[in-house]
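Residues per chain are reported as follows:
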Amino acid sequence: MEIMQVTGSLVCSQRVPGLEHWNLRVLRSPKGKLSVAVDPVGASPGNWVFTASGSAARFACGNPETHTDLTIGGIIDFWEPDG
Amino acid sequence: MEIMQVTGSLVCSQRVPGLEHWNLRVLRSPKGKLSVAVDPVGASPGNWVFTASGSAARFACGNPETHTDLTIGGIIDFWEPDG
Amino acid sequence: MEIMQVTGSLVCSQRVPGLEHWNLRVLRSPKGKLSVAVDPVGASPGNWVFTASGSAARFACGNPETHTDLTIGGIIDFWEPDG
Amino acid sequence: MEIMQVTGSLVCSQRVPGLEHWNLRVLRSPKGKLSVAVDPVGASPGNWVFTASGSAARFACGNPETHTDLTIGGIIDFWEPDG
Amino acid sequence: MEIMQVTGSLVCSQRVPGLEHWNLRVLRSPKGKLSVAVDPVGASPGNWVFTASGSAARFACGNPETHTDLTIGGIIDFWEPDG
């Protein structure tokens, strides 16, 4: 899973059926690459999140009929170096 | 899911059975990489779209028997910074 | 799906059972990266093709028991800029 | 599967249901890229591990209902050049 | 599928159940990236091989319960330019 930051939302009136009704967030990787993810946790711009990709993305939004390849899996509170 | 721009269409008379009859669009990533996607939404050249990859691509075109790994999921109207 | 050019064939006498009997083509991406793909369409060296990856690659060769992650989906006749 | 080093843990109070209760480790690739993985083997910071991605990640943690795309598959004791 | 060279073996006493008993090879891509693969064909260090990734990797080792995302699919004898 990847660590990304929420930068905003995407407005798409014309979508395939399996992606209607979902909030789509624009995420930015630490290297600046933009991606689009389904957001089942309610993340806000500026939040750091981790994402699940591939078939895990479909299951992570609670409905495997959702045609996403990237879903926000959780909002990062902080990151513990452990050592 | 990725943000890409439609640049044109692909003409392929010889295809595997699971990809016949589909419009195939050539897409360009922000970094200039070209990809080919199935288009179930009717995007036009110049449109910015987001794409679903992997197994989600098969489901996103409404028929999981379609042998694609990339499908246009929607046409981007605009992109809201949210903040 | 990706756009690649066929550069040759691969000779492998020792293979896993799910890849016996298939023609394996060596493909080169526009950036020069080499990959190996199952070829159900009969592409020739020099042909530009598009490829399906992931689970779509297994289905695209007509037999999901084929253990490939990359299959040629069609031979590109030409590429129409549309605009 | 990839070779990565454990650098710490991730604290996320707000997660999707399929990732509750799991230890999430932050891993660093040899090139410095950070990823997040489910840890079913009990790795410690500093350990070198190998990871399974994609659908294998869901199965590797012993419960395919876990919505992960990256799971630690084992702790590397040492790496034998064989030659 | 990718072309890689076997560089050695990996010793991991602590593994997830779905990867016990398998020989794990360290492979190097032409660009120098290291990966770990299950080896059902008995490759030796120095051999050039091609690999199957994703769900094909699970099937390629003959047991889809194996939690791998990369499996050696065959040993390359030689590579025929065809032209």
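Overview of the structure.

The rules we used
- Residues numbered from 1 in each chain as written.
- Chains lettered and ligands numbered in written order.
- Predicted model: local features only at pLDDT ≥ 70, side-chain atom pairs only at ≥ 80, totals over all residues.
- Heavy atoms only, no water.
- Least-squares fit on C-alpha atoms with pLDDT ≥ 70 in both.
- Contact = heavy atoms within 4.5 Å.
- Buried area = accessible area lost by both parts, 1.4 Å probe.
- Salt bridge = Lys/Arg side-chain N within 4 Å of Asp/Glu carboxyl O.
- Polar contact = N/O pair within 3.5 Å; in protein donor to acceptor, adjacent residues only side chain to side chain.
- Helix = DSSP H or I, 4+ residues; strand = E, 2+ residues; numbered from the N terminus.
- Disulfide = S-S within 2.5 Å.
- Buried < 20%, exposed > 50% of the residue type's maximum accessible area, 1.4 Å probe, protein only.
- Nonpolar A, V, L, I, M, F, W, Y, C, P; charged D, E, K, R; others polar.
- Pairing = 2+ DSSP bridges.

### Comments concerning the relation of the copies chain D and chain A
Look at the two chain copies: a rotation about an axis and a shift along it is all it takes to match them. Of the transformation placing chain D onto chain A, the axial shift is 0.0 Å and the rotation is 72 degrees, giving an RMSD of 0.0 Å. Expressed as an axis order, the relation between the two copies is that of a five-fold axis. Among all residues of chain D, the minimum C-alpha distance to the rotation axis is found for Gly54(D), at 5.2 Å. Interface overlap between copies: only 4% of the residues of chain D at the interface are likewise at the interface in chain A, consistent with a contact formed by different surfaces.

### Quick word on the interface of chain D and chain A
Every contact between the two is made by 27 residues of chain D and, on the other side, 24 residues of chain A. For the chain D and chain A pair, buried surface summed over both sides reaches about 2200 Å², with 56% attributable to carbon and sulfur atoms. Here chain D and chain A share 1 salt bridge between them. Residue Glu2(A) is joined to Lys33(D) by a salt bridge in which the shortest nitrogen-to-oxygen separation is 2.3 Å. Inspection of the chain D/chain A interface yields 11 residue pairs in polar contact (both at pLDDT 80 or more). Where the side of chain D that touches chain A is concerned, the elements lending two or more residues are β1 (2–11), β2 (14–15), β3 (24–28), β4 (34–38) and α1 (55–60) of chain D.

### Brief notes about the state of the cysteines
Residue and element names in this part refer to chain C. Throughout the structure, instances matching the rule amount to 0 disulfides over all chains. For cysteine 12, which is in no disulfide, the shortest distance to another cysteine sulfur is to cysteine 61 and amounts to 16 Å. What makes cysteine 12 buried here is its relative accessible area of 6%.

### Focus: the side chain of Ser9(B)
Within the element layout of this structure, Ser9(B) appears in strand β1 (residues 2–11). Separated by 2.7 Å, the side chains of Ser9(B) and Arg25(B) make a polar contact.

### A word on the pattern of salt bridges
All names here are of chain E. This model, assessed by the stated rule, comprises 10 salt bridges over all chains. Arginine 25 serves as the salt-bridge partner of aspartate 39, at 2.9 Å between the closest nitrogen and oxygen. Placement of aspartate 39 in the loop between β4 (34–38) and β5 (48–53) and of arginine 25 in strand β3 (residues 24–28) is noted, with a sequence separation of 14 residues between them. For aspartate 39, a relative accessible area of 6% translates into the label buried.

### So, the interface of chain B and chain A
Contacts between chain B and chain A engage 24 residues on the former and 27 residues on the latter. At the boundary of chain B with chain A, total buried surface from both sides reaches about 2200 Å², with 56% on carbon and sulfur atoms. At the junction of chain B and chain A, the tally comes to 11 residue pairs in polar contact (both at pLDDT 80 or more). In the side of chain B that touches chain A, the residues fall into 15 nonpolar, 5 polar and 4 charged.

### Here we look at the pairing of strand β4 (residues 34–38) of chain A
Residues and elements named next belong to chain A. In terms of residue burial, β4 counts as a mostly covered element, since 4 of its 5 residues are buried. By the bridge criterion, 5 bridges tie strand β3 (residues 24–28) to β4 in an arrangement that is antiparallel. Across the sheet, leucine 24 pairs through a bridge with valine 38, a residue of β4. Hairpin connection from β3 to β4: 5 residues lie between these consecutive antiparallel strands, with glycine 32 at a positive phi of about 100 degrees.

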